[in-house]
Amino acid sequence: MSAIEVLERWEERGYLDDRISRREFLKFCGRMAVLLGLSNSMIPQIAEAVEQTVQQRRPSVIWLEFQDCAGNTESFTRANSPSVSQAVLESISLDYHETLMAAAGHQAEEARQRALEENSGKLIVVVEGSIPTKDDGVYCTVGGKTALQILQEVEPHALAFVAVGTCAAFGGIPMARPNPTGAVGLESVIRTKPIINAPGCPANPDVMMGILVHYLVFGRLPELDAKKRPLFAFGKRIHDTCERRPHFDAGQFALSFDDFGARNGFCLYKLGCKGPETYNICASWRWNMGASWPVKAGHPCIGCSEPAFWDRFTPFYERIPLAAGFGVEARADDIGKVAVGVTAAGIAAHAIYTAAVRKAEQKAVELDKKGKEESNES
Ligand code: SF4
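Residues numbered from 1 in each chain as written. Predicted model: local features only at pLDDT ≥ 70, side-chain atom pairs only at ≥ 80, totals over all residues. Heavy atoms only, no water.

Engineer: Which residues make up the pairing of strand 3 (residues 123-128), and what are the values?
Structural biologist: Across the six residues that make up strand 3, a large majority, six, are buried. Going residue by residue along strand 3, you find Leu123, Val125 and Val127 tucked away on one face and Ile124, Val126 and Glu128 tucked away on the opposite face as well. As paired elements, strand 1 (residues 60-65) and strand 3 share five bridges and run parallel to each other. For Trp63, the partnering residue across the bridge sits in strand 3 and is Val126. Here six bridges tie strand 3 to strand 7 (residues 158-164), and the two strands are oriented parallel to one another. Each bridged residue has a counterpart across the sheet, and for Ile124 the counterpart in strand 7 is Ala160. (Buried < 20%, exposed > 50% of the residue type's maximum accessible area, 1.4 Å probe, protein only. Helix = DSSP H or I, 4+ residues; strand = E, 2+ residues; numbered from the N terminus. Pairing = 2+ DSSP bridges.)

As structure tokens, then:
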């Protein structure tokens with residue numbers, strides 16, 4: 001089935017008119033192709049997979065929240081294409097989510113139980129928040145059961161687990177010293193099923209959507225790194241795609257938050273930036289439709305998506321030791337001259353992504369136009 005036929009079906013069902021514009025859906029498919037590193041020729045398959053999910057497959061998903069702030073839920077519901085994301089979220093069978101579901105109390109717990117029984121072996125389990133293990137896990141209970149008990153109950157029924165956010169992936173803030181609840185990440189508890197980690201505080205909503213779309217298109221999880229993170233989003237350090245990197249290489253650093261360097265977009269390494277040790281998509285993909293991210297806004301990266309965040313990266317405003325690649329200090333006289341060049345170079349990483357996204361979106365719209373013309377001719 002082509003992307004056009006998918007759109008026509010959605011239109012017939014009133015889905016596009018009421019909830020999502022045709023253009024928005026096409027752009028979503030184009031963006032997902034770029035995010036997942038797929039060629040534009042895959043756009044129709046993405047459209048088809050999303051449509052099939054809406055139509056028939058409806059993989060059952062339960063979303064468990066333990067020691068968390070619900071920040072990842074907040075992030076996901078504010079994805080770059082909120083209406084498309086919401087449609088995908090609704091089109092999967094989200095059978096249990098404490099924050100989003102209307103049911104409460106016994107009714108909610110029954111819904112979880114039903115999902116386990118009806119979808120045993122096919123269930124995708126999203127976990128948000130760390131799991132307390134001290135004193136038999138008594139520090140986090142839901143419906144009278146500890147997080148540990150709930151996970152033990154769910155594990156035999158799961159196809160795979162997605163740990164969303166740093167707390168679920170690596171223990172996060174609850175695991176910081178002195179870790180009074182014995183908090184751990186999902187990997188320390190789940191032993192028999194595949195886990196995919198989508199860390200971040202919160203996780204980028206497009207990364208979460210990318211994992212889901214990859215699963216819908218290919219029927220399997222994306223390729224992972226040694227820390228079980230999807231390579232499409234965590235394959236590079238923030239430092240490698242940061243727009244301030246040319247300043248780092250030129251030895252131009254902001255030394256305080258209101259100095260000449262800070263005002264001119266210089267590197268934040270000396271203000272404690274943890275970008276050289278942090279793997280994530282923030283610098284290239286950014287947040288809020290690619291509008292910005294912390295380093296662009298003038299704040300150093302705090303390494304929130306890495307294992308052992310928070311302890312490993314505090315104090316946040318002290319520089320981390322760098323073994324190699326340290327920039328050569330520029331002479332004060334040269335800074336102004338160099339700055340013009342580095343600013344131009346500095347936008348390159350995000351610009352490459354932006355150009356790819358635009359191209360994919362354009363391709364998707366062209367496919368749609370061509371399909372319409374063909375159907376008019378016939
Ligand atoms: S601001 Fe941070 S991530 Fe960006 S170049 Fe400097 S040290 Fe690297």
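Engineer: Can you break down the nonpolar core residue by residue, with the values?
Structural biologist: In terms of nonpolar packing, the biggest core is built from 41 residues, with Ile46, Val207 and Val213 touching the most fellow members. The greatest single-element share of this core, amounting to nine residues, is contributed by helix 10 (residues 205-218). A domain-level breakdown of this core finds at least three residues from each of domain 1 (1-56 + 351-378) and domain 2 (58-235). Apart from the residues within four sequence positions on either side, Ile46 is in contact with Cys29, Met32, Ala33, Leu38, Val213 and Val217. Core analysis: the next-biggest nonpolar cluster, separate from the first, contains 31 residues, Ala108, Val142, Ala163 and Phe170 among them. (Core = buried A, V, L, I, M, F, W, Y, C linked by side-chain atoms within 4.5 Å. Domains from an automatic or database assignment. Contact = heavy atoms within 4.5 Å.)

Engineer: So, the packing of aromatic side chains: which residues are in play, and what are the values?
Structural biologist: Going through the model one piece at a time under the given rule, you end up with eight aromatic pairs. Ring centres of Phe260 and Phe266 lie 5.8 Å apart, and the angle between their planes is 80°; this geometry places the pair in the edge-to-face category. Assessed through its relative accessible area of 2%, Phe266 is described here as buried. One residue, Arg112, lies across the ring of Tyr96, its end atom 5.3 Å from the ring centre. (Phe/Tyr/Trp six-rings, centres within 6.5 Å; stacked < 30°, edge-to-face > 60°. Lys NZ or Arg CZ within 6 Å of the ring centre and 35° of its normal.)

Engineer: Could you give an account of empty space enclosed by the protein, with specific residues and numbers?
Structural biologist: Using the criterion set out here, one finds two cavities of 30 Å³ or more in the structure. Counted as a void, the second largest cavity has a volume near 100 Å³. Around the second largest cavity sit 13 residues that line it, and His239, Cys242, Cys267, Leu268 and Cys273 are the ones nearest its centre. Those elements giving two or more residues to the lining of the second largest cavity turn out to be helix 12 (238-241) and helix 13 (245-249). (1 Å grid on protein atoms, 1.4 Å probe; cavity = no way out; pocket = protein on both sides within 12 Å on 5 of 7 lines; lining within 4 Å. Points joined across faces, edges and corners; volume = space filled by probe spheres on them.)

Engineer: Describe the site of the ligand, with residues and values.
Structural biologist: Of all residues adjacent to the ligand, which total 13 residues, the nearest are His239, Cys242, Cys267, Leu268 and Cys273. Mapping the ligand onto the cavity grids shows that it belongs to the second largest cavity. Elements represented by at least two residues in the shell around the ligand include exactly helix 12 and helix 13. Its residues assigned to classes, the shell around the ligand comprises nine nonpolar, two polar and two charged. (Near = heavy atom within 4 Å. Sits in = over half its atoms within 2 Å of the grid points. Nonpolar A, V, L, I, M, F, W, Y, C, P; charged D, E, K, R; others polar.)

Engineer: Give a detailed account of helix 10, specifying residues and quantitative values.
Structural biologist: Three or four residues apart is the spacing at which side chains of an α-helix point the same way, because the helix has 3.6 residues per turn. The end-to-end C-alpha distance of helix 10, which contains 14 residues, comes to 20 Å, matching closely the 20 Å that a straight helix rising 1.5 Å per residue would cover. Across the 14 residues that make up helix 10, a large majority, 13, are buried. The N-capping residue of helix 10, defined by a side-chain oxygen 2.9 Å from the backbone nitrogen of Asp206, is Asn204. Of the residues one or two after helix 10, Gly219 is the one with positive phi, at around 70°. (Expected span 1.5 Å × (residues − 1). Polar contact = N/O pair within 3.5 Å; in protein donor to acceptor, adjacent residues only side chain to side chain.)

Engineer: Help me get a handle on helix 3 (residues 22-35), residues and values and all.
Structural biologist: An ideal rise of 1.5 Å per residue puts 20 Å on 14 residues; helix 3 measures up with 20 Å between its terminal C-alpha atoms. Burial runs high along helix 3: eleven of the 14 residues are buried. Within helix 3 the residues assigned to the buried category are Arg22, Phe25, Leu26, Phe28, Cys29, Gly30, Arg31, Met32, Ala33, Val34 and Leu35. Once helix 3 finishes, Gly37 follows within two positions and takes phi at roughly 70°, a positive value.

Engineer: Go over the pattern of salt bridges with me, naming the residues and quoting the values.
Structural biologist: If you walk through the whole model with that rule in mind, you get twelve salt bridges. The salt bridge partner of Arg229 is Asp225, with a shortest N-O separation of 2.9 Å. Asp225 matches Arg229 in its accessibility class, with the two residues each being buried. Salt bridges here are not isolated pairs; linked through shared partners, they connect Asp225, Lys227, Arg229, Glu277, Glu306 and Arg312. (Salt bridge = Lys/Arg side-chain N within 4 Å of Asp/Glu carboxyl O.)

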